[in-house]
Amino acid sequence: MSVIIICLIIAVAVFAAAFITKRRFGLLGLALAAGSILSGIWAYDAGLEASAFGAPSNPLTTAFVSCFIILLPAGILLFHGDKYKTIVGRIIGAILFTLLAVAFMIEPLSSAIAPQGFGSNVFIWLVNNSKTIIGAGLVVAIIDLFLTKSPHFPKKHHKH
């Protein structure tokens, strides 16, 4: 299977999850960064554990385990946090989340799958520009966190 098809399948699934749950990009983007750090720490050991359960021990297994670890914190936060109120916000947030998720996962995928055929130029461009995309995406995620309004609870009025 072509590497671009794998990236497109992941991108569509990530976009759909973010769009359907209406979650804001800021927290999800920072969760992807946390997942990337955890993946760097745990991916090799988790790949060995996966091979102990019968998965083939090869770079592709390690890449998929690494992608799973990258997406895990954001996947958990898809069920918690602030939501977008407008359809435009949902679309923009889901696009930003998808782009950042693919940028984080492009490194493990590129180490396991050699780009060839249809879409290899796009994949190589993503590999070459992933650090720029990640940097810009995290800045936008932090800005989105600042734009999030916290809920205001009514003050209790005590009768004296």
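Above this text is the structure in question.
A. Focus on the pattern of salt bridges. Under the criterion given, the structure shown has one salt bridge. Among the salt bridges present, the one from Arg-24 reaches Asp-144, with a minimum N-O distance of 2.7 Å. Of this pair, Arg-24 sits in the loop between helix 1 (3-21) and helix 2 (25-52) while Asp-144 sits in helix 5 (residues 120-147), and the two are 120 residues apart along the sequence. When sorted by exposure, Arg-24 lands in the same class as Asp-144, which is buried.

B. Examining the packing of aromatic side chains more closely. Applying the stated criterion across every chain yields a total of one aromatic pair. Measuring from centroid to centroid gives 5.9 Å for Phe-15 and Phe-19, while their planes differ by 10 degrees, and the two rings are stacked. Of this pair, Phe-15 and Phe-19 both sit in helix 1, four residues apart, which is roughly one turn of that helix. Sitting over the face of the ring of Phe-19, Arg-90 holds its NZ or CZ atom 4.1 Å from the ring centroid.

C. Examining helix 3 (residues 59-77) more closely. In this model helix 3 runs 28 Å from its N-terminal to its C-terminal C-alpha over 19 residues, within 8% of the 27 Å that 1.5 Å per residue would give. By the largest-angle criterion, Leu-71 marks the main kink of helix 3, which is about 35 degrees, and a proline, Pro-73, follows within four residues. Among all positions in helix 3, only Thr-61, Ala-63, Val-65, Ser-66, Cys-67, Ile-69, Ile-70, Pro-73 and Ala-74 are buried. Tucked inside the fold, the buried residues of helix 3 contact helix 2 and helix 4 (87-112).

D. Representation of the nonpolar core in the model. Ranked by internal contacts, the top residues of the largest apolar core, which has 32 residues, are Leu-32, Phe-97, Phe-104 and Leu-109. Every element with two or more residues in this core is listed here: helix 1, helix 2, helix 3, helix 4 and helix 5. Considering every element that reaches this core, the biggest residue donor is helix 4, with 10 residues. When neighbours within four sequence positions are excluded, Leu-109 is seen to be in contact with Ile-6, Cys-7, Ile-10, Ala-63, Phe-64, Cys-67 and Phe-123.

E. Quick peek at the side chain of Thr-98. With respect to the helices and strands, Thr-98 occurs in helix 4. Thr-98 sits in the buried class, given a relative accessible area of 10%. With residues up to four places along the chain from it excluded, the contact list for Thr-98 reads Ala-11, Val-14 and Phe-15.

F. Fine view of a nonpolar patch on the surface. On the surface, a nonpolar cluster with roughly 450 Å² of combined accessible area is contributed by Leu-27, Leu-30, Ile-142, Leu-145 and Phe-146. Those elements that place two or more of their residues in the nonpolar patch are helix 2 and helix 5. Top element by residues in the nonpolar patch is helix 5. It accounts for three residues. Relative to the helices and strands, Phe-146 is located in helix 5. Residue Phe-146 is classed as exposed on the basis of its relative accessible area of 71%.

G. How the structure looks around the layout of surface pockets. Volume-wise, the largest pocket comes out at about 360 Å³. Looking at the largest pocket, it is lined by 20 residues, and the ones nearest its centre are Ser-66, Ile-70, Phe-104, Glu-107 and Pro-108. Broken down by secondary-structure element, the contributors of at least two residues to the lining of the largest pocket are helix 2, helix 3, helix 4 and helix 5. Along the lines of polarity and charge, the residues of the lining of the largest pocket split into 10 nonpolar, eight polar and two charged.

Rules used throughout
- Residues numbered from 1 in each chain as written.
- Predicted model: local features only at pLDDT ≥ 70, side-chain atom pairs only at ≥ 80, totals over all residues.
- Heavy atoms only, no water.
- Salt bridge = Lys/Arg side-chain N within 4 Å of Asp/Glu carboxyl O.
- Helix = DSSP H or I, 4+ residues; strand = E, 2+ residues; numbered from the N terminus.
- Buried < 20%, exposed > 50% of the residue type's maximum accessible area, 1.4 Å probe, protein only.
- Phe/Tyr/Trp six-rings, centres within 6.5 Å; stacked < 30°, edge-to-face > 60°.
- Lys NZ or Arg CZ within 6 Å of the ring centre and 35° of its normal.
- Expected span 1.5 Å × (residues − 1).
- Bend = angle between axes of the 7 residues up to and from the residue.
- Contact = heavy atoms within 4.5 Å.
- Core = buried A, V, L, I, M, F, W, Y, C linked by side-chain atoms within 4.5 Å.
- Patch = residues over 30% accessible without salt bridge, like charges linked within 9 Å, V, L, I, M, F, W, Y side chains within 5 Å.
- Areas by Shrake-Rupley, 256 points an atom, 1.4 Å probe, with all protein chains shown as cover.
- 1 Å grid on protein atoms, 1.4 Å probe; cavity = no way out; pocket = protein on both sides within 12 Å on 5 of 7 lines; lining within 4 Å.
- Points joined across faces, edges and corners; volume = space filled by probe spheres on them.
- Nonpolar A, V, L, I, M, F, W, Y, C, P; charged D, E, K, R; others polar.

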